[in-house]
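# Breakdown of the fold
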Amino acid sequence: SKCLILKLFFTSLKLFILLSTSLALAENPKNIIAANVNEHIITAQDVLDAYERLPSKLKEKPLPELYPNIINELINQHLITEQAYKEKLDLNKTVIDQIKKNKDQILARFWINNFLLNQTKRENIELFYNNYLKAFKSSKEFNASHILVKEEQQALEILKKLENKAKFSELAKTQSIGPSGKNEGKLGWFTSGQMVKEFEKAVLSLKKGEITKKPVKTKFGFHIILLNEVRNSKPKKLSEIQQNIINRIKKNSLSNLEKKLRQNRKIIINDFKDVAQKVNN
């Protein structure tokens, strides 16, 4: 005989409840009954929605552990709602106004979500990427390591050790106060403009494999810099920057939408002090 198995899957993006028999397709959580209160049905989707509304601290616990509490809270909520209807609270003006505000917020949120989904369709992402490729201009990229210390004297002593064949990577791990110290001082690849000007000027004066002959002073302290490699930059693959493209499209779309929606609208924003004064009176 077939058994009904409830499997809970978590991903960084979504939470699913999968109800299946053997290898059948997952059933829609809206169609899965988690509890009944007389004729009222609480679905697996209701449980998921309630879970998503929980504070982030509570979400650290696994759903199987939270499930009984969530179900009982949903049952209590339904029973209290029934009581509110019996007392005709749904006809209360304050409640009606609050429901309208919530309704407006929900409508706006759903509209925005659909709008952004439409703006970030695959063809729009590819168009953005193709424009990026057309506009791309190659530039020099540098790969460097550094040892950062607070005092110039300490930097000079490190330079002497390097002259005596001490390993740059080992000195970086033991002497550098920079966050890259634990990684042998490696800074990875960077382009012009990403580093403070004194640091960049020193890098530009080096050849591959060279170390600065004097400590380089910046607002962070004193640096000893090793230039590991130089290369010409290449355009990034779509897979590498797709999320950045999506974020940029969303940002541009929302900015353009705001301008479009506000066109020919009479909008007055009262001064905060005036508003606050009236509230406090």
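Residues numbered from 1 in each chain as written. Predicted model: local features only at pLDDT ≥ 70, side-chain atom pairs only at ≥ 80, totals over all residues. Heavy atoms only, no water.

### Focus on the packing of helix H5 (residues 152–163) against helix H6 (residues 168–175)
Relative orientation of the contacting elements H5 and H6 amounts to 155°, with a least axis distance of 10 Å. On the basis of their axis angle, the class for H5 and H6 is roughly antiparallel. Here the hand of the crossing between H5 and H6 comes out right-handed. Between H5, through Gln154, Ile158, Lys161 and Leu162, and H6, the contact on the second element is made entirely by Phe168, Leu171 and Gln175. Considered class by class, the residues forming the contact of H5 with H6 number 4 nonpolar, 2 polar and 1 charged. (Axes fitted to C-alpha atoms, helices over the stretch in contact; angles between N-to-C directions. Helix = DSSP H or I, 4+ residues; strand = E, 2+ residues; numbered from the N terminus. Parallel < 35°, antiparallel > 145°, perpendicular 65-115°, else oblique. Left-handed = near helix turned anticlockwise from the far one by under 90°. Contact = heavy atoms within 4.5 Å. Nonpolar A, V, L, I, M, F, W, Y, C, P; charged D, E, K, R; others polar.)

### A word on the confidence of the model for the protein
Low pLDDT means the predicted coordinates in that region are not meant to be read closely. In this model, the protein carries a mean pLDDT of 90, and residues with pLDDT of at least 70 account for 91%. Within the model, the stretch residues 1–25 combines pLDDT values under 50 with 39 contacts to residues more than four positions away or in other chains. (pLDDT = per-residue confidence, 0-100.)

### Remarks on the pattern of salt bridges
According to the stated counting rule, one finds 10 salt bridges in the structure shown. Across the pair Glu184 and Lys186 runs a salt bridge, and its minimum N-O distance is 3.5 Å. Under the relative-accessibility criterion, Glu184 is labelled partly exposed at 27%. Judged by relative accessible area, which is 45%, Lys186 ranks as partly exposed. Across the salt bridge formed by Arg262 and Glu258, the nearest N and O atoms sit 3.4 Å from each other. One end of the pair is Arg262 and the other is Glu258, both in helix H8 (residues 238–262) and 4 residues apart, which spans about a single turn. Given the relative accessible area of 44%, Arg262 is considered partly exposed. Glu258 sits in the partly exposed class, given a relative accessible area of 44%. (Salt bridge = Lys/Arg side-chain N within 4 Å of Asp/Glu carboxyl O. Buried < 20%, exposed > 50% of the residue type's maximum accessible area, 1.4 Å probe, protein only.)

### Digging into the environment of Glu157
Along the chain, Glu157 turns up in helix H5. Residue Glu157 is classed as partly exposed on the basis of its relative accessible area, which comes to 42%. When the C-alpha positions of Glu157 and Asp49 are compared, they lie 61 Å apart, and in sequence the two are 108 residues distant.

### Description of the packing of aromatic side chains
Enumeration over the complete set of coordinates arrives at 5 aromatic pairs. Taken together, a centroid distance of 5.3 Å and an interplanar angle of 10° make the contact between Trp111 and Phe115 stacked. Of the two residues, Trp111 and Phe115 are both situated in helix H3 (residues 93–119); the distance of 4 residues between them amounts to about one turn of the helix. Judged by its relative accessible area of 16%, Phe115 is buried. Centre to centre, the rings of Phe142 and Phe190 are 6.1 Å apart; their planes meet at 35°, and the pair counts as tilted. With Phe142 in strand E5 (residues 140–149) and Phe190 in strand E6 (residues 186–191), the pair connects residues that are 48 residues apart, well separated along the chain. As far as the burial class goes, Phe142 and Phe190 line up, both buried. Here the aromatic residues Tyr129, Tyr132 and Phe136 are joined through ring pairs into a cluster of three or more. Of note, Arg231 hangs over the ring of Trp189, and the distance from its end group to the ring centre comes to 3.8 Å. (Phe/Tyr/Trp six-rings, centres within 6.5 Å; stacked < 30°, edge-to-face > 60°. Lys NZ or Arg CZ within 6 Å of the ring centre and 35° of its normal.)

### Considerations on the sheet that holds E6
In spatial order, the strands read E6-E5-E8-E7; together these 4 strands make up an open sheet with antiparallel pairing. With one partner strand each, in any of the chains shown, E6 and strand E7 (216–218) form the two edges of the open sheet. Averaged over all neighbouring strand pairs, the angle between strand axes comes to 45°, with direction disregarded. In terms of strand pairing, E7 meets strand E8 (residues 221–232) through 3 bridges, oriented antiparallel. Within the sheet, the bridge partner assigned to Lys217 lies in E8 and is Phe222. Running over the sheet, H6 touches E5 and E8 and is turned about 50° from E5. (Pairing = 2+ DSSP bridges.)

### What to know about H8
Residue pairs spaced three or four apart in an α-helix point in one direction, given the helix's 3.6 residues per turn. In this model, H8 (25 residues) spans 34 Å end to end at C-alpha, consistent with the 36 Å of a helix rising 1.5 Å per residue. The largest bend along H8 measures about 30° and falls at Asn244. Buried within H8 we find Leu238, Ile241, Ile245, Ile246, Ile249, Ser253 and Leu257. Where H8 is buried, its residues meet H3 and helix H4 (122–135). Just beyond H8, the residue with positive phi is Asn264, at close to 60°. (Expected span 1.5 Å × (residues − 1). Bend = angle between axes of the 7 residues up to and from the residue.)

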